[in-house]
Amino acid sequence: MTISLSRARLVELLEQARGKRIVVIGDAMLDVYLSGDVERISPEAPVPVVRVRERKYALGGAANVAQNVVAIGARCSLVAAIGDDRAGETLGQMLGAIGEDGRALVKVERPTTQKTRIVARSQQLVRVDEEEDADLAGAEVERLLAAVRTAVRDAHAVILEDYNKGVLVPAVIREAIDLAVAKGIPVVVDPKFKNFFAYRGATVFKPNRRELEAALGAAMDVDHPDAVPATLQRLGVEQILLTLGDRGMALFSATGEISRIPTVAREVYDVVGAGDTVTAYVASILAAGGSARDAATIANVAAGIEVGKRGAATVSAAEVTEYVDTHELHR
């Protein structure tokens, strides 16, 4: 299979993405993994007793998108809400370790979203979510808006990463898009159902098929997508990048052009985090001056690498170039 741009153009865009500043606005999370052994059933209830041998932390949600941006070689500012707690402190330290200074993090009167997974013998037994996901309001939204204004001032692209945890309220969405449009920089949206139709003016709108069908209230035939022009008009966005799992992606433009991008994945170990990798690459390549088609094509290669790794992983620009060379994907 070939990809739709030359190796020279791919390398040029990846080089031009280096140093670009990408602002990620959305719901940051701290992922905790407790791994251990199960040797008995609890006498208190019919549940396994896990003796924890290892504790690991990982950046989740919008914070994972941010670390994917950094892995590409771009710079990142993350506008997100954290609590005044240990999880928020850990998240901030982890961002600092990858070169994100944390200046756009806003402390709010709620706990940092934390998801703890308990794993034994490579099998997840249970996940514990500690969070409050009501929309932020009042003074906390005003502080978010101030952080958005400061961050976008020096940005080359904006990502809106929604996990329905309360950061991307309509006022924050509108402010971010209006500032980006006025500045002439691209906006990439990874939406959730709640504010699905609040992103007018975005450059690339990136739902998966289930999310799009739920919002439209009807199934979508991607092989005969007659409803796409009307959907683009209703959403008010320039492009829809529809992720289709093992069928790759489809890019629909307001001009009526449709581009199908088959998956390049050879081995799939774990799909967790692949969407975050795609979002980061699309925004970074657009910031570098690439077209939406270029951005989707390179992001698709990066996603094919990411799903071959365990857990939510990052993919560097060097890995993308090496993959293209070793798998004979370029023309």
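Heads up: the structure comes first, above all this text.
Since the model is a prediction, treat every value here as computed from it, not as a measurement.

Novice: Is there a simple way to explain the overall build of the protein chain in this structure?
Specialist: Each helix and strand in the protein chain was counted, giving 10 helices and 13 strands. For the protein chain, the C-alpha radius of gyration of 20 Å lies close to 20 Å, the compact-globule estimate for 331 residues. The buried share of the protein chain, taken over its 331 residues, is 51%. Across the protein chain, every contact between residues at least 6 apart in sequence was considered, and the portion connecting residues at least 24 apart equals 69%. Carbon and sulfur atoms provide 49% of the accessible area of the protein chain, an area that totals close to 14900 Å². Here the protein chain holds 39 positive side-chain charges and 45 negative ones, and the gap between their average locations is 1 Å.

Novice: Is there a simple way to think about the pairing of strand E13 (residues 258-261) in this case?
Specialist: Both faces of the sheet carry side chains from a regular strand, because those side chains alternate between them. Of the two faces of E13, the one holding Ser259 and Ile261 is buried and the one holding Ile258 and Arg260 is not buried anywhere. Pairing of strand E12 (residues 249-253) with E13, which is carried by four bridges, proceeds in the antiparallel orientation. Residue pairing in the sheet places methionine 249 in a bridge with isoleucine 261 of E13. Joining the antiparallel neighbours E12 and E13 is a turn of four residues, in which glycine 256 adopts a positive phi near 100 degrees.

Novice: Would you take a moment to explain the sheet that holds strand E5 (residues 105-108) for this structure?
Specialist: Within a beta sheet, neighbouring strands are joined by backbone hydrogen bonds and run either parallel or antiparallel to one another. Pairing within the open sheet is mixed, and its nine strands lie in the order E5-E4-E1-E8-E9-E10-E11-E12-E13. Each edge of the open sheet carries a strand with a single partner, namely E5 and E13. In the packing of helix H4 (residues 138-152) onto the sheet, contacts are made with strand E1 (21-26), strand E4 (75-83), E5 and strand E8 (157-161), and the angle to E5 comes to roughly 175 degrees. Along the sheet, helix H5 (residues 170-183) contacts E1, E8 and strand E9 (187-190); its crossing angle with E8, the most-contacted strand, is approximately 165 degrees.

Novice: What's the story with the pairing of E4 in this structure? I'm lost.
Specialist: Where burial is concerned, most of E4 is hidden: eight out of the nine residues are buried. Pairing of E4 with E5 involves four bridges; the strand directions are parallel. What sits directly across from alanine 81, in E5, is valine 106. Handedness of the β-α-β unit built from E4, helix H3 (residues 86-97) and E5 comes out right-handed.

Novice: Before we go on, may I ask you to explain the packing of helix H8 (residues 274-287) against helix H9 (residues 292-306) in this structure?
Specialist: Put simply, H8 and H9 touch, their axes get as near as 8 Å, and they point 145 degrees apart. Considering the relative orientation of H8 and H9, their crossing is right-handed. Between H8 and H9, the residues in contact are Ala274, Thr277, Val278, Tyr281, Val282, Ile285 and Leu286 and Ala292, Asp294, Ala295, Ala296, Ile298, Ala299, Ala302, Ala303 and Glu306, respectively. In terms of residue class, the contact of H8 with H9 is made up of 13 nonpolar, one polar and two charged.

Novice: It is not clear to me how H8 should be interpreted in this structure. Could you clarify?
Specialist: The α-helix winds at 3.6 residues per turn, so residues separated by three or four positions along the chain end up facing the same way. The end-to-end C-alpha distance of H8, which contains 14 residues, comes to 20 Å, matching closely the 20 Å that a straight helix rising 1.5 Å per residue would cover. Taken across its 14 residues, H8 has 13 buried, putting it largely inside the fold. Two residues or fewer past H8, glycine 289 is found with a positive phi of approximately 100 degrees.

The rules behind the values
- Residues numbered from 1 in each chain as written.
- Predicted model: local features only at pLDDT ≥ 70, side-chain atom pairs only at ≥ 80, totals over all residues.
- Heavy atoms only, no water.
- Helix = DSSP H or I, 4+ residues; strand = E, 2+ residues; numbered from the N terminus.
- Rg over C-alpha atoms; globule rule 2.2 N^0.38 Å.
- Buried < 20%, exposed > 50% of the residue type's maximum accessible area, 1.4 Å probe, protein only.
- Contact = heavy atoms within 4.5 Å.
- Areas by Shrake-Rupley, 256 points an atom, 1.4 Å probe, with all protein chains shown as cover.
- Lys, Arg positive; Asp, Glu negative; His and termini not counted.
- Charge placed at Lys NZ, Arg CZ, Asp CG, Glu CD.
- Pairing = 2+ DSSP bridges.
- Axes fitted to C-alpha atoms, helices over the stretch in contact; angles between N-to-C directions.
- Right-handed = clockwise from strand over helix to strand, strands pointing away.
- Left-handed = near helix turned anticlockwise from the far one by under 90°.
- Nonpolar A, V, L, I, M, F, W, Y, C, P; charged D, E, K, R; others polar.
- Expected span 1.5 Å × (residues − 1).

Note that all results are geometric; they support no functional claim without further evidence.
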